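# What the coordinates show
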Amino acid sequence: AAVAPEVIRREEIEQMGAGDAAEVLEERAGLLLERSFRGTELWLRGMDPAYTLVLVDGDRVPGRIGGAVDLSRYGVENIERIEIVRGPSSALYGSDAIGGVVNLITRDSDRDFEADALASYGLNNVIDATARVAGRPEEHLRLRLAGGLHYADAFRRGDDEATTGSSRLQWSLGGRVDWRPDARHRFRVNVDYLQLQMQGVDEGAGGALFDRTQLQEQARVSGEHVLRGPDGLTLLTRFTYNQFREQYLNDQRGSGQLDDYEDNREHMGQVTTLVRFNLEGLGTHSVTVGFEELFQSLDSDRLTTFARRARFAALAQDEWIPWEDGDASLTIVPGLRYDVDSQFGDQLSPKLSVRFDPVSQLVLRATYGRGFRAPSFQQLLLRFENPTVGSIVAGNPSLGAETSHGVDVGFEWRPIDELSLAASFFRNDVEGLIATVTVDDPTATGTLFSYDNVSNAWTMGLESTATLRVDDVLGVIAGYTLTETWDGQNERHLEGRARHRITAAARVAYEPWEISFVARGALMVDRVYYVDVDDDGIEEALYPDPIAQVDLRLSKTFTRHLELFVGIDNLLDAGDAYSVLR
């Protein structure tokens, strides 16, 4: 591909022993996972979670909280693979795809019958139990049913009553019906439901304690039809409906004065039509043309009105190979997407990618793309008053979209079959960044805050990886990422990004004993945070100690039907006030 995706396949997911999508991604090069009472959010290439688009089977998912999708709510029992595309991708995917795209692909099966189950127990009452049944009762019909239960106690660092990490109780159930009447047609229906409850204790001003409970529910229904014609012609039509509901309760101990309850409900419908076909002439062309319609609504007590949004988009991309000569080739991929949104207007997102293979062992890539992020319902319509501190937050319905320009240049080199080396330079410039501003309003009963497109920021850096694979005996992948950032509004580095991040993973298998050992690790160095330590109204820069995370897993296969494993997560007991690790 002209834009290289990273693909984490089912076999690797099982070998690492991850329980959810966040655990799969937390020790990958260029990715940063941050945990809070809201869940686990992904920072890609130094960009906030709001600038990374998360998809399931190619469709958007609702439930962004604080701009982030909680990746820990997607258990691995139903994930076939995870695809990661780094860099601006709005030319294909539209809003939010400034930093990149993460696509969770659900599991499929071509066997007549298969079933699998997993059960594990760990310290801190960490429990995972999953089961899946799939099969092909007749030649044209495929069925799948999967479910999972995941639990972990809350945990604390130190003797404080307040919790460092929330307890989590999650269960999910999903099914798929896949009918293929002939070689040309495929019809597919998916139905999934998950429920997640998180509980913790927070400490407020004056030592007041609050018992916090969050109950999240997500339901998804999708239908898809794929028609395959001659000469590579493919027509895909898909409809997806998602509903996400979050109930949030903050209960002050010994008093009801500061109790808070929220009930937020988000509905999202998406219709996607894609046509792919091949053309000959001045080389070969693989053309993709598509249309997308998105309908989204949010009902929340903190919004001034019931929020509705409709977005229409048309897109086109041409994968053009103008020259081939043996193992050498040149691929040029222009792309363009046009979005019209009922709230913020229109956006044009062009992209140009080039791939050059001078020899079979070397690949050179370069991409330029323009991206955008639509303002959220909260930024447009929020109305929240906090009388205890005398402040009011009001949305700004006149906000425009944030826009970006991104560049990515890199190479992949395979000097021998067992070794692969890769590196890339990236830069993203975000303009019209939405920032919090103070509004001069003499009628306001307190300090009035709102939002405006007044800022700019950039991130740039270097990503590099080395991969070694020796048959099925040894596999090693190591990565280093250098990330530089700048906040134009405050004229300082962006908060929370690690300037240096080193990742490594190794798997050693001894086939005669059917034993496999997996070790994964990540080291973050040179993080900066801004805190008003002495209450003088000026924030000081704080640099926490490095964070080193190590996970180990040893497994033994006894028969083709049974495997036992033992492991340790966070071996070095890493974690601080800014990086919450169990």
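What counts and what doesn't
- Residues numbered from 1 in each chain as written.
- Predicted model: local features only at pLDDT ≥ 70, side-chain atom pairs only at ≥ 80, totals over all residues.
- Heavy atoms only, no water.
- Helix = DSSP H or I, 4+ residues; strand = E, 2+ residues; numbered from the N terminus.
- Buried < 20%, exposed > 50% of the residue type's maximum accessible area, 1.4 Å probe, protein only.
- Contact = heavy atoms within 4.5 Å.
- Phe/Tyr/Trp six-rings, centres within 6.5 Å; stacked < 30°, edge-to-face > 60°.
- Pairing = 2+ DSSP bridges.
- pLDDT = per-residue confidence, 0-100.
- Patch = residues over 30% accessible without salt bridge, like charges linked within 9 Å, V, L, I, M, F, W, Y side chains within 5 Å.
- Areas by Shrake-Rupley, 256 points an atom, 1.4 Å probe, with all protein chains shown as cover.
- Salt bridge = Lys/Arg side-chain N within 4 Å of Asp/Glu carboxyl O.

### Here we look at the environment of A146
Turning to its location among the elements, A146 is positioned in strand β10 (residues 141-152). Residue classification places A146 among the buried residues on the basis of a relative accessible area of 6%. For A146 and T130, which are 16 residues apart along the polypeptide, the C-alpha to C-alpha distance reads 7.6 Å. Leave out the neighbours within four places in its chain, and A146 touches N78, A131, R132, S172, L173 and G174.

### Side note on the packing of aromatic side chains
Within this structure, the stated rule accounts for seven aromatic pairs. Between the aromatic rings of W171 and Y193, the centroid separation amounts to 5.3 Å while the plane-to-plane angle is 55 degrees, which identifies the pairing as tilted. One end of the pair, W171, is in strand β11 (residues 167-179); the other, Y193, is in strand β12 (residues 185-203), and 22 residues separate them in sequence. Residue classification places Y193 among the partly exposed residues on the basis of a relative accessible area of 25%.

### Some details on the pairing of strand β31 (residues 547-559)
The sheet contact formed by strand β28 (residues 515-525) and β31 spans ten bridges and is antiparallel. Its bridge partner lying in β31, A519 is registered against L552. The antiparallel pairing of β31 with strand β32 (residues 562-568) creates a hairpin that spans two residues between the two strands.

### What about the sheet that holds strand β1 (residues 6-9)?
Strand order in the open sheet made by the five strands is β1-β6-β7-β4-β5, with mixed pairing throughout. The open sheet has two edge strands with one neighbour each: β1 and β5 (59-60). In this sheet, β5 lies alongside strand β4 (residues 52-56) in antiparallel orientation, the contact comprising two bridges. Bridge assignment links L55 to a residue of β5, and that residue is R60.

### Things to note about the confidence of the model for the chain
The share of residues in the chain with pLDDT of 70 or more is 98%, and the mean pLDDT across the chain is 91. Within the chain, strand β21 (residues 383-386) has the poorest average pLDDT of any element, 71, and strand β18 (residues 328-341) the best, 96.

### Description of a nonpolar patch on the surface
Judged by side-chain polarity, F291, F312, L336, Y338, V340 and L348 come together as a nonpolar surface patch covering roughly 520 Å² of accessible area. Looking at which element gives the most residues to the nonpolar patch, the answer is β18, with three residues. Tracing the backbone shows V340 in strand β18. Given a relative accessible area of 36%, V340 falls into the partly exposed group.

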